Each structure stands twice: as structure tokens, then as C-alpha cells.
Amino acid sequence: QVQLVESGGGLAQPGGFLVFSCAASGSFISIGIMKWVRQAPGSQRKLVATVTRGDLTTYGDSVKGRFAISRDNSKDTVYLQMNSLKPEDTAVYYCNADVLSLWGWSDYWGQGTQVTVSS
């Protein structure tokens with residue numbers, strides 16, 4: 001079917017930056033809205049950002065002005081630029097995509113990648 005493979009993330013100092021990408025592969029017809037979601041230990045899952053196929057974006061309040069989501073439809077890839085990082089950004093980050101395949105519309109998830117912001 002479809003696989004979403006995340007790259008990037010890792011360790012950064014407060015005030016630093018990290019970049020994520022998430023590339024879709026496999027058998028599919030089209031990709032609709034794409035999202036980044038994060039979850040810290042012992043906390044609820046939170047929406048980070050979304051981007052439509054037409055590049056309309058939304059952000060969670062805690063990351064507005066610091067993070068930027070974008071996509072390249074020709075590469076079936078979504079990106080997340082994370083600037084001015086704070087310790088509160090420490091979490092596992094997952095990419096998500098609404099994908100049209102031969103099996104219909106389905107939600108797919110990346111493998112999850114740790115982001116740690118610490119001095």
C-alpha cells in the first residue's frame with residue numbers, strides 16, 4: 001500500500017533549529033491533507049501543523065511563528081522547519097497523510113521520530 005518514511009529530527013539546543021521531511025511511497029493515487037503530530041511522554045497527542053494539497057496551512061498555537069510546514073507534491077513529501085526550539089517541543093513527531101489508493105481513502109502514519117531540545 002503506502003509507506004511514510006520520516007527523516008531528520010534529533011537533538012537541538014534551545015533556540016536552535018531542526019528540519020523534518022516525510023516522503024510517501026508505494027501504490028496510491030493522490031495525497032490529500034498532510035499533518036505533523038507530536039506526543040510527549042505522559043501527555044496527550046497534539047496537532048503541530050497541517051497543509052493541504054493547495055498549500056493552505058494551519059498551526060497549533062504553541063508553534064505559531066516558529067514552525068513552518070510545506071509540501072512538494074511532485075516528490076510526495078511534506079516538510080517541517082522548526083525554529084527557535086524550546087524544551088517544550090521535546091516529543092515524538094509523527095507525519096500523517098490522507099491517501100487515496102485502490103482501497104479508498106485511508107490515514108497513514110510515519111514511524112515517529114524523537115525530537116529532544118536540551119542544553
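Residues numbered from 1 in each chain as written. Predicted model: local features only at pLDDT ≥ 70, side-chain atom pairs only at ≥ 80, totals over all residues. Heavy atoms only, no water.

Asks: Even after reading the chapter, I still don't get the overall build of the protein, so can you show me in this structure?
Replies: Assigned secondary structure in the protein consists of zero helices and 11 strands. The order of helices and strands in the protein, counted from the N terminus, is β-β-β-β-β-β-β-β-β-β-β. For 119 residues, the compact-globule estimate of 2.2 N^0.38 gives 14 Å, and the C-alpha radius of gyration of the protein, at 14 Å, lies within 12% of that figure. Oriented by its inertia axes, the alpha-carbon framework of the protein measures out at about 45 × 25 × 20 Å. Evaluated residue by residue, the protein yields a buried proportion of 37% over its 119 residues. Pairs at least 24 residues apart make up 53% of the contacts formed inside the protein by residues separated by at least 6 positions. Surface exposure of the protein reaches about 6300 Å², of which carbon and sulfur atoms provide 51%. Seen as two clouds, the 10 positive and the 9 negative side-chain charges of the protein have centres 4 Å apart. (Helix = DSSP H or I, 4+ residues; strand = E, 2+ residues; numbered from the N terminus. Rg over C-alpha atoms; globule rule 2.2 N^0.38 Å. Buried < 20%, exposed > 50% of the residue type's maximum accessible area, 1.4 Å probe, protein only. Contact = heavy atoms within 4.5 Å. Areas by Shrake-Rupley, 256 points an atom, 1.4 Å probe, with all protein chains shown as cover. Lys, Arg positive; Asp, Glu negative; His and termini not counted. Charge placed at Lys NZ, Arg CZ, Asp CG, Glu CD.)

Asks: Looking at this structure, how should I read the side chain of Arg71?
Replies: By the element assignment, Arg71 lies in strand S7 (residues 67-72). For Arg71, which is buried and forms no salt bridge, the nearest opposite charge comes from Asp55, at a distance of 5.2 Å. Among the polar contacts listed, one links the side chain of Arg71 to the backbone oxygen of Ile31, at a separation of 3.3 Å. At a separation of 2.7 Å, a polar atom in the side chain of Arg71 contacts the side chain of Asn73. Setting aside its immediate chain neighbours within four residues, Arg71 contacts Ile31, Gly32, Ile33, Met34, Val51, Thr52, Arg53, Asp55, Thr77, Val78 and Tyr79. (Salt bridge = Lys/Arg side-chain N within 4 Å of Asp/Glu carboxyl O. Polar contact = N/O pair within 3.5 Å; in protein donor to acceptor, adjacent residues only side chain to side chain.)

Asks: Sorry if this is basic, but what is going on with the pairing of strand S8 (residues 77-82) here?
Replies: On a regular strand, one side chain projects to one face of the sheet and the next to the other, so that they alternate. Across six bridges, strand S3 (residues 18-26) lies against S8 in antiparallel orientation. Paired with Leu18 across the bridge in S8 is Met82. Pairing analysis gives six bridges linking S7 to S8, with the strands arranged antiparallel. Within S8, the position partnered with Asp72 by the bridge is Thr77. The antiparallel hairpin formed by S7 and S8 contains four residues in its connecting segment, where Asp76 sits at a positive phi of about 50 degrees. (Pairing = 2+ DSSP bridges.)

Asks: Just checking my understanding: could you explain the nonpolar core for this structure?
Replies: Within soluble globular proteins, side chains that are nonpolar generally end up buried alongside one another. Judged by nonpolar contacts, the single largest core of 28 residues is most densely connected at Trp36, Val48, Phe67, Val78, Leu80, Met82 and Tyr93. The set of elements that each furnish at least two residues to this core consists of strand S1 (2-8), S3, strand S4 (30-39), strand S5 (46-51), S7, S8, strand S9 (91-101) and strand S11 (113-117). Take this core: its biggest share by element is five residues, from S9. (Core = buried A, V, L, I, M, F, W, Y, C linked by side-chain atoms within 4.5 Å.)

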